[in-house]
Every structure is written in C-alpha cells, then in structure tokens.
Amino acid sequence: DDPSLERHFKGHRDAVTSVDFSLNKKQLASGSMDSCLMIWSMRPQMRAYRFMGHKDAVMCVQFSPSGHLVASGSRDKTVRLWVPSVKGESTVFKAHTGTVRSVHFSSDGQSLVTASDDKTIKVWTVHRQKFLFSLSQHINWVRCAKFSPDGRLIVSASDDKTVKLWDKTSRECIHSFCEHGGFVNHVDFHPSGTCIAAAGTDNTVKVWDIRMNRLLQHYQGNAVVNSLSFHPSGNYLVTASNDSTLKILDLLEGRLLYTLHGHQGPATCVAFSRTGDFFASGGSDEQVMVWKTNFDAADYGDVLKTQKSGTSVDGTHHSQPSEMECGVHLKKTKPQDPGRNHHHQQEEETIANTLEHIVGQLDVLTQTVSILEQRLTLTEDKLKECLENQQKIIQNKVN
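Residues numbered from 1 in each chain as written. Predicted model: local features only at pLDDT ≥ 70, side-chain atom pairs only at ≥ 80, totals over all residues. Heavy atoms only, no water.

**Notes on the pairing of strand 6 (residues 58–63)**
Two faces, one strand: in a regular strand the side chains alternate between the faces of the sheet.
Turning to step 1, where the next piece is worked out: When you tally the buried positions in strand 6, you get six out of six residues, the bulk of the element.
Turning to step 2, where the next piece is worked out: Bridge count between strand 6 and strand 7 (residues 70–74): five bridges; the pairing is antiparallel. Bridge pairing links Cys60 to Gly73 in strand 7.
Turning to step 3, where the next piece is worked out: Counted between consecutive antiparallel strands, the loop separating strand 6 from strand 7 contains six residues, among which Gly67 sits at a positive phi close to 90°. (Buried < 20%, exposed > 50% of the residue type's maximum accessible area, 1.4 Å probe, protein only. Helix = DSSP H or I, 4+ residues; strand = E, 2+ residues; numbered from the N terminus. Pairing = 2+ DSSP bridges.)

Written out as structure tokens, the structure is:
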C-alpha cells in the first residue's frame, strides 16, 4: 500500500519549521515561524494547545523520550523546556548568542544537545537545566546536532558544508565529512548507530558509514532537501524538499520508493513516529500533515525487537530494553472488532492510561535518583577533601 494522508492540522500562522511525535503517538508537537509551539492530539475531537513564550520564530521542537517534556529552540536565542499540558509551563535556557536551530534529547532523556547560528553546539543536563559544555569547530551556522542512539557520539551539520562527528566524553571532533557541495541542513543517526544521513542544499541525501568513514549511498534529487528521518527499522528514510515533495527511500534497495505531494510550497520538516507506523510533515504553507506509513506490512514491533538486541558500534552487546521497546510491548494494538464489548474497551483504556501514568512516575523517580546520585558524589568529594585536610593538619603537627 502507498502511504496515505491520515490527518491534517491547521492552526499555525506562518511556515512550520519542525515536527515530532510523542512516544505513545497520542501527541504531535510542531514549531513555527509564528513564534508558537503547538501540541496536536492524535485523538479525534481533542483540542490542540498553543504555547506562547518564545519572542521570535520557533526553529525546532522535540519530545523527550518519555513524552513528559518538549524542548524547543528559537530565533530569540533561547531554548525552552515545556510540560505538554493545559498550562504549558516552561523554563528557559540561555547560553547561545544566535538563533537556536536544533534541539535533541539523548535516548535516556538526561541530556539535551542544541545547535546554533553562533557556530556552537551546546550540551545541557535536562533535570538540573545546567549548561555543561560547548563544541566549537564549525566556522559557520550549525543547523542540526543529534546524539547517537547510545548517547556516546554527537553528529552536527553546518553551513560550512561539513558534517562533524564528536565524542561526547572527550569532547573532541573525531571526523569531518566534507563531501557536500552545499550547506548541510539536516543530519541524523541510523537507528543502529553505525551510519549517518545528511541532507543538503546541493539537492542530495548522503549516507555514511561512521566506522569506516566512507560514503555508502548518495541520492541526487532536483531540489534542496530540508529534513530527513529514519524509519525505526532502519530500512527506510523519508525526506522533505523545497519542491514541496516528501520522498521515501528504500535503503536496502538503494532506490526511491515513493514521492508524495501534499504541501503547497517547500516541505520544511518530516519525522517518523517512534514506532514507524506514521510520519508527520510540515511546510511553508503553514500545514502539518500526518501520513500513515502503510509501505512496510511487517509488524513494526517485531522489527524493532530484533533490532534492539543488536550490538553497538564498539561491539558490546546491549540487553537492556530501551524506552522505545517497552513502548512497543505496551501498545500491541489489534484491529478492533465492531461487535466487541464496549466495557472491555473502557477497561483496556483504563489499564493503558494507568500504565502510562506509571511510566511517567518512573520517569520522575529516575530523575530524582540521578539528582540524589549527583548530590551523593558531591558529598563524597567534600568528605574526601575534609579527610585529606585533616591528614595534612595532623602531619604538620607531627612535623
């Protein structure tokens, strides 16, 4: 089946710049040049929330892995963290001196990486909202920065025509990919963490293997590519271009599968849902569209399960289930039988909501524990210092 248009959201008053799904696919966030962040409900007849706070265009939005926070970056040089509820409360991060073009959470939800026109990439802790460090080797605007799935690497794309790969721990640039003929608008990691894909103003999408630093695939389009998103299975890539089209590339076959026409004017952003059965797009026509994927009939849950038990770049085996995998296990939806007992359905919904609430609570606990751990480390350090000082005093007395 071809991908099909599922929903159409209207409410932004200027070009849409960014879209992202929450973990459970119940909400979709979008940012726009109209300075607003919108949270759309995927459930019919549920109202959308419009969040005001940024003083200028919102350039990027992303849900935290758990879905309990939304980060946004703006032309007003700030980053905001929002609680996606009726109140729409937010806290502000200030450290960039230029437009913030990209925000991205690490997969554990503990860190945030931001990219800006001030030519830097900055990393922050989420719960303490503290600035940690800057990466600054780009010599022009940085349009995009993302964490690798294991959180150890950061990839960035810039108007200096390079894509850079950074080690988060050593804070050093490991490699620069310079094969782009134009500015690099967008970059992302393949779900396996072994490859990256980059989109450019030279109308290309390039896929590199980051273990050998070699070009694997090269797709030549006929318009500037603004955004791209990997399907969670890792087998497909969707792109958004200035010629108003969305294109779906089959990475296994190395060919273009579908070209979708929906937007009037440039398609500015695109993103798959966390399970891959939907993708959303935004355009300079102020529209947000949600598409049903359809093209991969295989059960996404199974695809993801086989993927998750793979090995990471350095060959270590990961057995810990990721947040995404848990989400898939929780939400095994089966076609609804119209003659089914309504009461059963309500019970199931209640259980689903309860589980969701538990996941949320666990999230809060995780954050609390990590804060306590940090405090404990500080206390231990202080204690060590005191003991060392005491030793010195005793030694001085003896001497």
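There is more to say after this.
**A look at a nonpolar patch on the surface**
Turning to step 1, where the next piece is worked out: Side chains of Ile351, Leu355 and Ile358 sit close together on the surface and give an oily, nonpolar patch of about 250 Å² of accessible area.
Turning to step 2, where the next piece is worked out: With respect to the helices and strands, the residue Ile351 is situated in helix 3 (residues 342–398).
Turning to step 3, where the next piece is worked out: Residue classification places Ile351 among the exposed positions, given a relative accessible area of 51%. (Patch = residues over 30% accessible without salt bridge, like charges linked within 9 Å, V, L, I, M, F, W, Y side chains within 5 Å. Areas by Shrake-Rupley, 256 points an atom, 1.4 Å probe, with all protein chains shown as cover. Salt bridge = Lys/Arg side-chain N within 4 Å of Asp/Glu carboxyl O.)

**Quick word on the confidence of the model for the protein chain**
Turning to step 1, where the next piece is worked out: Per-residue pLDDT for the protein chain averages 84, and the proportion of residues at 70 or more is 82%.
Turning to step 2, where the next piece is worked out: Ranking the elements of the protein chain by mean pLDDT puts helix 2 (residues 323–330) last with 25 and strand 26 (residues 267–272) first with 98.
Turning to step 3, where the next piece is worked out: In this model residues 299–341 is a low-confidence stretch, pLDDT under 50, and it forms 56 contacts with partners more than four residues away in sequence or in other chains. (pLDDT = per-residue confidence, 0-100. Contact = heavy atoms within 4.5 Å.)

**What about the pairing of strand 19 (residues 195–200)?**
Turning to step 1, where the next piece is worked out: Burial analysis of strand 19 places six of its six residues in the buried class, the great majority of the element.
Turning to step 2, where the next piece is worked out: With burial as the criterion, each face of strand 19 is covered, one bearing Cys195, Ala197 and Ala199 and the other bearing Ile196, Ala198 and Gly200.
Turning to step 3, where the next piece is worked out: Relative to strand 19, strand 18 (residues 184–189) is paired through five bridges, and the arrangement is antiparallel. What sits directly across from Asp188, in strand 19, is Ala197.

**A look at the sheet that holds strand 21 (residues 214–220)**
Turning to step 1, where the next piece is worked out: With respect to topology, four strands assemble into an open sheet ordered 18-19-20-21, the strand pairing being antiparallel. The open sheet has two free edges, formed respectively by strand 18 and strand 21, since each of these has just one partner strand. Neighbouring strand axes in the sheet, compared pairwise and without regard to direction, differ in orientation by 20° on average.
Turning to step 2, where the next piece is worked out: Pairing analysis gives six bridges linking strand 20 (residues 204–209) to strand 21, with the strands arranged antiparallel. Of the residues in strand 21, the one forming a bridge with Val205 is Tyr219. (Axes fitted to C-alpha atoms, helices over the stretch in contact; angles between N-to-C directions.)

**A look at the sheet that holds strand 14 (residues 142–147)**
Turning to step 1, where the next piece is worked out: Spatially, four strands are ordered 14-15-16-17 in an open sheet, and the strand pairing comes out antiparallel. A strand with exactly one partner marks an edge of an open sheet, and here the two such strands are strand 14 and strand 17 (172–177). Within this sheet the neighbouring strands show an average axis-to-axis angle of 20°, counted without direction.
Turning to step 2, where the next piece is worked out: Bridge count between strand 16 (residues 163–167) and strand 17: five bridges; the pairing is antiparallel. Of the residues in strand 17, the one forming a bridge with Leu165 is His175.

**Thoughts on unusual backbone geometry**
Turning to step 1, where the next piece is worked out: Of note, Lys161 is a non-glycine position whose phi angle comes to about 70°, a positive value.
Turning to step 2, where the next piece is worked out: On the basis of relative accessibility, which here comes to 37%, the residue Lys161 falls in the partly exposed class.
Turning to step 3, where the next piece is worked out: Here the phi dihedral of Asn213 falls at roughly 55°; this positive angle occurs in a residue that is not glycine.
Turning to step 4, where the next piece is worked out: Here Asn213 shows up in the loop between strand 20 and strand 21.

**Describing the side chain of Thr125**
Turning to step 1, where the next piece is worked out: Structurally, the position occupied by Thr125 is in strand 12 (residues 121–125).
Turning to step 2, where the next piece is worked out: Excluding residues that lie within four positions of it along the chain, Thr125 makes contacts with Phe93, Gln110, Lys130 and Leu132.

**Digging into the pattern of salt bridges**
Turning to step 1, where the next piece is worked out: For the coordinates displayed, the defined rule picks out nine salt bridges.
Turning to step 2, where the next piece is worked out: In this structure, the salt-bridge partner of Asp20 is Arg274, at a minimum N-O distance of 2.9 Å. One end of the pair, Asp20, is in strand 2 (residues 16–21); the other, Arg274, is in the loop between strand 26 and strand 27 (278–283), with 254 residues separating them in the sequence.
Turning to step 3, where the next piece is worked out: Judged by its relative accessible area of 9%, Asp20 is buried.
Turning to step 4, where the next piece is worked out: What makes Arg274 buried here is its relative accessible area of 16%.
Turning to step 5, where the next piece is worked out: Between Arg101 and Asp117 there is a salt bridge, with its nearest N and O atoms 2.6 Å apart. Placement of the pair is Arg101 in strand 10 (residues 100–105) and Asp117 in the loop between strand 11 (111–116) and strand 12, with a sequence separation of 16 residues. Each member of the pair, Arg101 together with Asp117, is buried.

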